Amino acid sequence: MTKNLLTSSAATMGAFSTHKEQMMTISAMRQSTLQTLGLGTVLEIFQNGRLPASAGDLVDQVFGASGDRGALVISGANGIVGSGKAMQLGSRLQPFGVPVVALDFPGSPDGIGRHYPGLAKAFGQEGAGRIMETITRMNYNGLRLPPQLKGFKPRFLLESIPEILDAKKAHYKIFKDEFPEIDIRSVTSGFPSSELGVSIAHPAFPHEINKVWEIVESNSSSLSPHPSAITRLFWALGMIPVPVSDNWSFVLDVLFCGATLAGLRYHESSNMPYWKIDKYFRKLLGPNPFRAHDVIGAKAANFLTWSCLHHLEQQYGELFKPNADIAERKDTGAEYYPLNHFRPLVNWSLGPDEEEDFKIRILGPLFQMTSLILHEKRSHLSHVNAIGELCAQFRRGILSVIRATGYDEAMKLVKDYHKLHPQAKKCWYPDAFEQIGTPEWQQLYVNAEHNGSVGIITISRESYNRDVDAEMNRAIDWLKKENIERVVITGDFHLSTQMVGADTADFYAALSDVKEGLRISRDWSRTARRLNDDFKISVGFIGGKRCFGGFLELLMHCHYLICIEEADLGMPEVTLPVVPGMEGCHWPFRKTVPEKWPDLLRLLLTGSPVRAKEAVGWLVDYAGPMDKCLQTAWKIVTGAEHNVARRRVKESGLKKLPKDIVLEDSGNNAIETARKSIFESIQNSCAKTLSEALLIQAKHSARFMASPACQNGRIGVELKKTMEI
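Counting starts from 1 at the beginning of each chain's written sequence and moves along it residue by residue. In view of the model being predicted, local features appear only for residues whose pLDDT reaches at least 70, and side-chain atom pairs are presented and counted only at 80 or more, with totals across whole chains, interfaces and linings using the full set of residues. Hydrogens and water are ignored here; the side-chain numbers use all heavy atoms of the structure.

**Brief notes about the overall build of the chain**
Here is the rule we go by: Helix numbers and strand numbers start at the N terminus; a helix is a DSSP run of H or I with at least 4 residues, a strand a run of E with at least 2. Burial classification: accessible surface area is computed with a 1.4 Å probe over protein chains only, and a residue below 20% of its type maximum counts as buried, one above 50% as exposed, and the rest as partly exposed. Contact criterion: two residues are considered in contact whenever any of their non-hydrogen atoms come within 4.5 Å of each other. Here the Shrake-Rupley method, with its probe set to 1.4 Å, supplies the accessible areas, and only the displayed protein chains count as covering residues. Counted charges follow a simple rule, with Lys and Arg positive, Asp and Glu negative, and His plus the chain ends left uncounted. All charge positions are set by atom: Lys at NZ, Arg at CZ, Asp at CG, Glu at CD.
Looking only at helices and strands, the chain has 28 helices and 21 strands in total. Burial statistics for the chain: of 725 residues in total, 60% are counted as buried. A separation of at least 24 residues holds for 76% of the contacts in the chain among residues at least 6 apart in sequence. Of the roughly 28,600 Å² that the chain leaves accessible, carbon and sulfur atoms contribute 51%. On the chain, the mean spot of the 83 positive side-chain charges and the mean spot of the 81 negative ones are 3 Å from each other.

**Considerations on the packing of helix H9 (residues 252–270) against helix H10 (residues 274–284)**
Selection criterion: Comment: axis = line fitted to C-alpha atoms, over the contacting stretch for helices; angle = value between 0 and 180 degrees taken between N-to-C directions. The scheme is simple: roughly parallel for angles under 35 degrees, roughly antiparallel for over 145, roughly perpendicular for 65 to 115, oblique for anything else. By convention, the crossing between two helices is left-handed when the near helix turns anticlockwise from the far helix through less than a right angle, and right-handed when the turn is clockwise. Residues are grouped as follows: Ala, Val, Leu, Ile, Met, Phe, Trp, Tyr, Cys and Pro are nonpolar; Asp, Glu, Lys and Arg are charged; every other residue, Gly included, is polar.
Contact pair H9 / H10: the axes reach a minimum separation of 10 Å and the direction vectors enclose 125 degrees. Taken together, the axes of H9 and H10 lie oblique to each other. Between H9 and H10 the crossing geometry is right-handed. Contacts between H9 and H10 pair Ala-259, Gly-263, Leu-264, Tyr-266 and His-267 from the former with Tyr-274, Ile-277 and Phe-281 from the latter. Its residues assigned to classes, the contact of H9 with H10 comprises six nonpolar, two polar and no charged.

**Describing the pattern of salt bridges**
Which entries qualify depends on this criterion: Salt bridges are defined by distance alone: a side-chain nitrogen of Lys or Arg within 4 Å of a carboxyl oxygen of Asp or Glu.
Using the criterion set out here, one finds 33 salt bridges in the structure. Put simply, Arg-130 and Glu-126 hold a salt bridge, and the shortest N to O gap is 3.1 Å. Separated by four residues within a single helix, Arg-130 and Glu-126 lie in helix H5 (residues 116–133), roughly one turn from each other. Under the relative-accessibility criterion, Arg-130 is labelled partly exposed at 37%. What makes Glu-126 exposed here is its relative accessible area of 63%. Between Asp-523 and Arg-522 there is a salt bridge, with its nearest N and O atoms 3.7 Å apart.

**Side note on the environment of Thr-405**
Short version of the rule: Whenever a nitrogen or oxygen atom comes within 3.5 Å of another N or O atom, the pair is scored as a polar contact, on the condition that within protein one atom can donate a hydrogen and the other can accept it, and that pairs from neighbouring residues in sequence are kept only if both atoms are in side chains.
Among the secondary structure elements, Thr-405 is positioned in helix H16 (residues 398–405). Between the C-alpha atom of Thr-405 and that of Trp-441, which follows or precedes it by 36 residues, the distance is 13 Å. At 2.7 Å, the side chain of Thr-405 forms a polar contact with the backbone oxygen of Val-401.

**Observations regarding the sheet that holds strand S9 (residues 212–216)**
The condition is simple: When DSSP finds at least two bridges between two strands, those strands are taken to pair.
With mixed pairing, the eight strands of this open sheet are ordered in space as S5-S4-S3-S6-S7-S8-S9-S10. For this open sheet the edge positions go to strand S5 (135–139) and strand S10 (240–243), each flanked by a neighbour on one side alone. Averaged over all pairs of adjacent strands, the angle between strand axes in this sheet comes to 25 degrees, irrespective of strand direction. One ladder, built from two bridges, connects strand S7 (residues 183–186) with strand S8 (residues 199–203); its direction is parallel.

**Digging into helix H11 (residues 289–296)**
Spelled out, the test is: The arc refers to the directions leading from the helix axis to the C-beta atoms.
Among the residues of H11, Pro-289, Phe-290, His-293, Asp-294 and Ile-296 are the ones counted as buried. Here the buried residues of H11 occupy an arc of 165 degrees about the axis, which is enough to place them on one side. Looking at the buried residues of H11, the elements they touch are helix H4 (80–93), H9, H10 and helix H12 (298–316). Positive backbone phi, approximately 125 degrees, marks Gly-297, located one or two places after H11.

**Points about the packing of H9 against helix H14 (residues 352–375)**
Where H9 contacts H14, the two axes come as close as 10 Å, and the packing angle between them is 150 degrees. In terms of their interaxial angle, H9 and H14 are classed as roughly antiparallel. Crossing of H9 over H14 shows right-handed handedness. Packed against H9, whose contacting residues are Val-254, Leu-255, Gly-258, Ala-259, Ala-262, Gly-263, Tyr-266 and Ser-269, the element H14 presents Glu-354, Asp-357, Phe-358, Arg-361, Ile-362, Pro-365, Leu-366, Met-369, Thr-370 and Ile-373 at the interface.

**Examining the confidence of the model for the chain**
Here is the rule: Known as pLDDT, the predictor's per-residue confidence is scaled from 0 to 100.
Put simply, the chain has an average pLDDT of 93, and 95% of its residues get 70 or more. Low pLDDT, under 50, characterises residues 1–23; the stretch is placed with 53 contacts to residues that sit more than four places away or in other chains.

**Here we look at the pairing of S5**
Where we set the bar: We call a crossover right-handed when, viewed with both strands directed away from the observer, the connection leading from the first strand over the helix to the second proceeds clockwise.
Note: strand S4 (residues 100–104) against S5, five bridges, orientation parallel. Note that in S5 the partner of Val-100 across the bridge is Ile-135. Remark: the S4/H5/S5 crossover connection has right-handed handedness.

**Considering helix H3 (residues 55–63)**
Those residues of H3 that fall on the buried side of the exposure criterion are Ala-55, Leu-58, Val-59, Val-62 and Phe-63. The buried residues of H3 occupy one face: seen down the axis, they fall within an arc of 110 degrees. Against the buried residues of H3 lie strand S3 (71–75), H4, strand S6 (154–159) and helix H8 (229–236). Gly-64 lies just past H3 and shows a positive phi near 100 degrees.

**Looking at the packing of aromatic side chains**
Test applied: A pair of aromatic rings is counted whenever rings of Phe, Tyr or Trp (Trp by its six-membered ring) have centres within 6.5 Å, and the orientation is called stacked for planes under 30 degrees apart, edge-to-face for over 60 and tilted otherwise. Lysine NZ or arginine CZ positioned within 6 Å of the ring centre and within 35 degrees of the ring normal marks a charge as sitting over the ring.
By the definition in use, this model includes 21 aromatic pairs. Between the aromatic rings of Phe-46 and Phe-493, the centroid separation amounts to 6.0 Å while the plane-to-plane angle is 80 degrees, which identifies the pairing as edge-to-face. Here Phe-493 lies in the loop between strand S14 (486–491) and strand S15 (501–502) and Phe-46 lies in helix H2 (residues 42–48), a separation of 447 residues in the sequence. Look at Phe-46 and you get buried, because its relative accessible area is 0%. Across the ring face of Tyr-336, the terminal group of Arg-329 is positioned such that the distance to the ring centre comes to 4.1 Å.

**Regarding the pairing of S8**
Most of S8 is tucked away, with five of its five residues classed as buried. Pairing of S8 with S9, which is carried by four bridges, proceeds in the antiparallel orientation. Within S9, the position partnered with His-202 by the bridge is Glu-214.

**A look at unusual backbone geometry**
Of all residues except glycine, most have a negative phi; of all peptide bonds, most are trans. Cis geometry is found at the peptide bond from Phe-205 to Pro-206, where omega equals -5 degrees. In this structure, Pro-206 sits in the loop between S8 and S9. Along the chain, Leu-576 connects to Pro-577 via a cis peptide bond; the corresponding omega equals -5 degrees. Along the chain, Pro-577 turns up in the loop between strand S19 (568–570) and helix H22 (587–590). In the Ramachandran plot, Lys-153 falls in the positive-phi region, its phi being about 50 degrees despite a non-glycine side chain. By the secondary structure assignment, Lys-153 is in the loop between S5 and S6. Take Lys-153: its relative accessible area is 37%, and that puts it in the partly exposed class. One non-glycine residue, Glu-583, lies in positive phi territory at about 75 degrees. Along the chain, the position of Glu-583 falls in the loop between S19 and H22.

Here is the structure:
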């Protein structure tokens, strides 16, 4: 059977669902991930002119009213997870006056103290001091709680003690006996809620900065959630709660532990050293499973991986059976990369047949594990895909990888894997891939919804790549088919909290092939132009903390660009170095009065960001607080009175562009070379008509990517590190 993966045929597009919210009918390509949090649709956010949840209100619900706040208690607070979450939650709750109690055994290493330098770097000495003032450390013996804890009126326990089921249950009992009304969440990597008797909030590593939490709550499923105030509070505090179903190891650790097990089994079959497997794994998918264990802390990570795999094997069979290597390491805590490990000076590479064998042994089991995740409906497909990227460090989410591999090839890889490991056939669900042509698979990163007159395109990936580009075009096609002429383009208010620019991994081929660079720049620019050409009114909305590079180039093609005032906007391509290829070298100049051209030149030639409120009139059209921005964007897109002037794109060539600009020498030859090339691209593309400029700037971008300056820059270094073994 052959499945067309990127079709936009009537059969595929006809599967799009309709969601009804309140009294308004909203049609959507697929369910938005925001709806899985019970927070409505993105369109409703703009229609209502405000976010669907307030951190202040939810703090009151969870911890009590101001002046009478109860505490957040983190048990196991000196461990890697507990200490990281003490910093992350403590910094977010400090403005609301929520006390944090860090509970652990006496004599446990000071996990919290080691985070202070990072806290001071992020918030300054004064800010870090205020955060640390809210954290009170207490010791206990595991059998009873310290008497002074009662004075803090605990309201929410985040349990982060070792992964021992009986110990966890006993721990909950002593808290429930003392504080019957307390809410409890376990950070467990593998035990389901049904085993623990409490809800789950499993955070992704690194714990002090990664904002993703896998959430399991009673009376909920991943697709029909009833999120608690705690889950909604996490969202309102800027974190990323992701509802998952109550199955062993959820989604993240099926993928992460599964990847580790696949690497270990390859080690058994080939005797290839762990560091070499990591290099080939990075080339194939992105993560380094063995190095990750050492970074997390081998003693804890080895045990957690073994524990997840051990229980998965009991549930699902041989596919997940821990091998002798991980079983030994869970007892010894041995690192995969000891400090004195030896890498031979005489290196070697796999031949084509050996690489194919590696691919089968890695992708085969991972694809099969993914079929289990889909069969059990463990989460929204966009969640499953995003967890692989945001948490397991895949370059592209596992569903995106399967989609690009193709149905037939994916089936073949698993079948070839079963020839090598026939005992693993037990939980293989090929029917799960039958839906590969549906909107849920096709629109993993980009969704669209409309109410009959206004459309919303949401992007849930923080970096722009080939998948986002293809999905953007399908979303635009769908809205046009639905006769929508007014549209807002925005992040998804959930998985994407910022827009950091183009995914530079997509540029690898262009470093040795000018034609590939030209194709990327030309095609992505054509997609961006559709936002200007295909709609009567288009509004770009930047609601995250930053928007850089390719994403800023994309959104500046909208007729209006609205941005929250504290966001940073920038064109950092010069520092990579690359030449902007989505029309950043001429499009903003055509929309801006000549007096502001020097500001645009500095933006492009220095790579330094600008705060949105300082860029009104020459880069953005309106900047303000979130609610005001939402309301202004809605007024513009609906045709209501808004008092925001539209800056038109000048189609003829621009005259009297500055012939040079005085900048401080960067002291970096690559940056100086890029500045010269970017300046030439600006001059040449701005001098021509709008219709001519697209190809001109694309050629500049393509030539520079294939030049030594780019090949020896950050992207070239990453290419060598990732792809050349």
